[in-house]
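The lines below spell out each chain.
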Amino acid sequence: MAKHPVSLKVNGDEYDLLIEPRKTLLAVLRDTIGLTGTKEGCSTGDCGACTVIVDGKAVTSCMVLGVTVSEKEITTIEGLASDGELHPLQQAFIDTGGYQCGFCTPGFIMASKALLDENPERSEEEFRYELGGNICRCTGYTKILEAVLKAAEEVRTSA
Amino acid sequence: MKGFEFFEPTTLAEASQLFAQEHAQLLAGGTDLVIGMKALTETPQSVISLQKIPGLDGITTEGDSISIGAMTKVREVELSSDIQNHHTALAEGASEIGSVQIRNLATIGGNIAHASPAADTVAGLLVADAQVDIASADGERSVAIDELFTGPGQTVLAPGEIITRFRLPSPASGSHYIKHKIREVMDLAFIGVAAAVNLDNGTITDARIGLAAVAPTPIRATEAENLLRGNELTAELLQQAGEAAAAVASPISDLRCSAEHRKEMVDVLTRRTLQEAVARA
């Protein structure tokens, strides 16, 4: 099967690649580009571990074909810190202990970031519902939610 | 996932010609197709993306009628103030699909073309009396949403035909959708029930009831609708409407619940959605 040329813009860097159409965005990020911060959990869109942001929207990258995101702006967990400073969400996850094994953390942070960018004025209930596509098998979610609410507070006051 | 040829046509005519070939599949949001290809339940030889075809995306309002392009993301349908205000049941149905991440990918056209009897946007489209615009290399046609489905995963679409748009005529004054489920998110509907009503001084002038996941296709409960028209919603009428809706349901038993439970719950949920739709009208 013919490979297709794609130009991926990931965390501000451009990658001109030749990829098989059956490669998911997740596979391209991890295996072709080598950005392994994005995790593969269920690979059926159910767990949210592979969440990345495409043109401002959080998506499960395991359901996206790499050939369909050429020229779109992609942000992964590796693209959040800038100038050695962690994003408020990353810092909040550390401060509240919002992770245990850490496997779901990049997905949670990227899903939360898209929500915060869209509108940080969300109630706890709204955050709970809208993060329902991310599964954590360690924490029981209390600390994760604490971290997200803390980061939201910070984003609101610094805006 | 097996390999396939990937096409990104820029016109509907080109897409239709490619899609009319054997072993071809359309790619909209990919949330059904990509998962199906991974599971090898879908093994297309060619995949045709609709992404580069202009005019298939977005919600436009003209007077009382609203048009939703087939490639519009489910998340956009959920958050559209026009849909929330005028076709509340549809916005509520859209908000029930998967997760935010999935709703950012999934399209309303894909949700309908997949023809699952349990699709969450279908009951809302049924009670909105939506018209489905269809294009092919031979031209265009339009079918009513309740004539689109012929069985689970089956529609009247001929090879090469592509859903382009849903047109919603003037809205009912109140509507509501209830999804019967176990999990808050990331669950399939055991049952989906939508109701839409118009009221004149407390009298129901028009009523539409859409049922999902209780028959081989999504269906309207026309008998129940007829009982309601021209009457006030009394406790007795509500009971009759619920029973009439349950009577047209022909559900199956599966691992999620029994046919008997589904039938009983159609009665209960029809009453609940009707009460809420009337309260909103």
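Rules used throughout
- Residues numbered from 1 in each chain as written.
- Chains lettered and ligands numbered in written order.
- Predicted model: local features only at pLDDT ≥ 70, side-chain atom pairs only at ≥ 80, totals over all residues.
- Helix = DSSP H or I, 4+ residues; strand = E, 2+ residues; numbered from the N terminus.
- Rg over C-alpha atoms; globule rule 2.2 N^0.38 Å.
- Contact = placed C-beta atoms within 7 Å.
- Pairing = 2+ DSSP bridges.
- Axes fitted to C-alpha atoms, helices over the stretch in contact; angles between N-to-C directions.
- Expected span 1.5 Å × (residues − 1).
- Buried ≥ 20, exposed ≤ 12 C-beta atoms within 10 Å, placed from the backbone.
- Domains from an automatic or database assignment.
- Nonpolar A, V, L, I, M, F, W, Y, C, P; charged D, E, K, R; others polar.
- Parallel < 35°, antiparallel > 145°, perpendicular 65-115°, else oblique.
- Left-handed = near helix turned anticlockwise from the far one by under 90°.
- Core = buried A, V, L, I, M, F, W, Y, C linked by C-beta atoms within 7 Å.

Time to look at the overall build of chain A. Helix and strand counts for chain A come out as 5 helices and 5 strands. The linear arrangement of helices and strands in chain A, starting from the amino end, is β-β-α-β-β-β-α-α-α-α. By the compact-globule yardstick of 15 Å for 159 residues, chain A fits well, its C-alpha radius of gyration being 16 Å. For chain A, restricting intrachain contacts to residue pairs at least 6 apart in sequence, the fraction spanning at least 24 positions comes to 59%.

When helices and strands are counted, chain B shows 11 helices and 14 strands. In terms of C-alpha radius of gyration, chain B reaches 19 Å, essentially the compact-globule figure of 19 Å for 281 residues. Overall, the C-alpha framework of chain B stretches about 60 × 45 × 30 Å when taken along its three principal axes.

All names here are of chain B. With respect to topology, 3 strands assemble into an open sheet ordered β1-β3-β2, the strand pairing being parallel. Unpaired on one side and paired on the other, β1 (5–7) and β2 (24–27) mark the two borders of the sheet. Strand-to-strand, the axes of this sheet are offset by a mean angle of 25°, without reference to chain direction. The pairing of β2 with strand β3 (residues 46–49) spans 4 bridges and is parallel. Among the inter-strand pairings, Ala24 is bridged to a residue of β3, identified as Ser46. Packed onto the sheet, helix α1 (residues 12–19) meets β1, β2 and β3 and runs at close to 160° relative to β3.

What follows deals with helix α3 (residues 105–118) of chain A. Here α3 of chain A spans 20 Å end to end across 14 residues, near enough to the 20 Å set by a 1.5 Å rise per residue. Of all the 14 residues making up α3 of chain A, 11 are buried; the element is thus mostly covered by neighbouring parts of the structure. Within the span of α3 of chain A, buried status applies to Thr105, Pro106, Gly107, Phe108, Ile109, Met110, Ala111, Ser112, Lys113, Ala114 and Leu116 of chain A. Looking at the buried side of α3 of chain A, the elements it contacts are β3 (51–54), β4 (57–60), α2 (88–96) and α5 (142–158) of chain A together with α6 (100–103) of chain B.

Turning our eyes to something else, we now look at the domain arrangement of chain A. Residue and element names in this part refer to chain A. As assigned here, chain A comprises domain 1 (4–79) and domain 2 (88–158). The distance between the C-alpha centroids of domain 1 and domain 2 comes to 21 Å. Listed as interface residues are 14 residues of domain 1 and, on the opposing side, 13 residues of domain 2. Take the side of domain 1 that touches domain 2: its biggest share by element is 3 residues, from β3. Split by residue class, the side of domain 1 that touches domain 2 holds 7 nonpolar, 5 polar and 2 charged.

We now examine the interface of chain A and chain B. Contact with chain A, which involves 26 residues of that partner, is made by 23 residues of chain B. Mapped onto the side of chain A that touches chain B, the elements with two or more residues apiece are β4 and α4 (124–130) of chain A. In terms of residue class, the side of chain A that touches chain B is built from 11 nonpolar, 10 polar and 5 charged.

Residues and elements named next belong to chain A. Axis separation between α2 and α3 bottoms out at 10 Å; the angle between their running directions is 130°. When the interaxial angle is binned, α2 and α3 end up oblique. The interaxial crossing formed by α2 with α3 has right-handed handedness. Only Thr105, Ile109, Ser112 and Lys113 of α3 make contact with α2, whose side of the interface consists of Leu89, Gln90 and Phe93. A class-by-class count of the residues in the contact of α2 with α3 yields 3 nonpolar, 3 polar and 1 charged.

What follows deals with the sheet that holds β4 of chain A. Residue and element names in this part refer to chain A. Strand order in the open sheet made by the 5 strands is β2-β1-β5-β3-β4, with mixed pairing throughout. Edge positions in the sheet fall to β2 (13–19) and β4, since each has one partner strand and no second. Each strand of the sheet is rotated relative to its neighbour by a mean of 40°, with strand direction disregarded. Contacts between helix α1 (residues 25–33) and the sheet are confined to β1 (4–10) and β2, with β2 contributing the most and set at about 95° to the helix.

Turning next to the domain arrangement of chain B. According to the domain assignment, chain B contains domain 1 (5–49), domain 2 (59–168) and domain 3 (174–280). Between the C-alpha centres of domain 1 of chain B and domain 3 of chain B there is a distance of 35 Å.

Attention now moves to α1 of chain A. Count 3.6 residues to each turn of an α-helix, and residues three or four apart come out pointing the same way. All names here are of chain A. Looking at α1, one finds that the buried residues are Leu25, Leu26, Ala27, Val28 and Leu29. Against β1 and β2 lie the buried residues of α1. Positive phi shows up at Gly34, right after α1, with a value of about 90°.

If you look at the biggest cluster of nonpolar residues, it comprises 132 residues, and the most contacted ones within it are Ala123, Leu211 and Val266 of chain B. When residues no more than four places from it in sequence are discounted, the contact partners of Val266 of chain B are Ile191, Val193, Leu211, Val214, Ala245, Ala246 and Ala249 of chain B.

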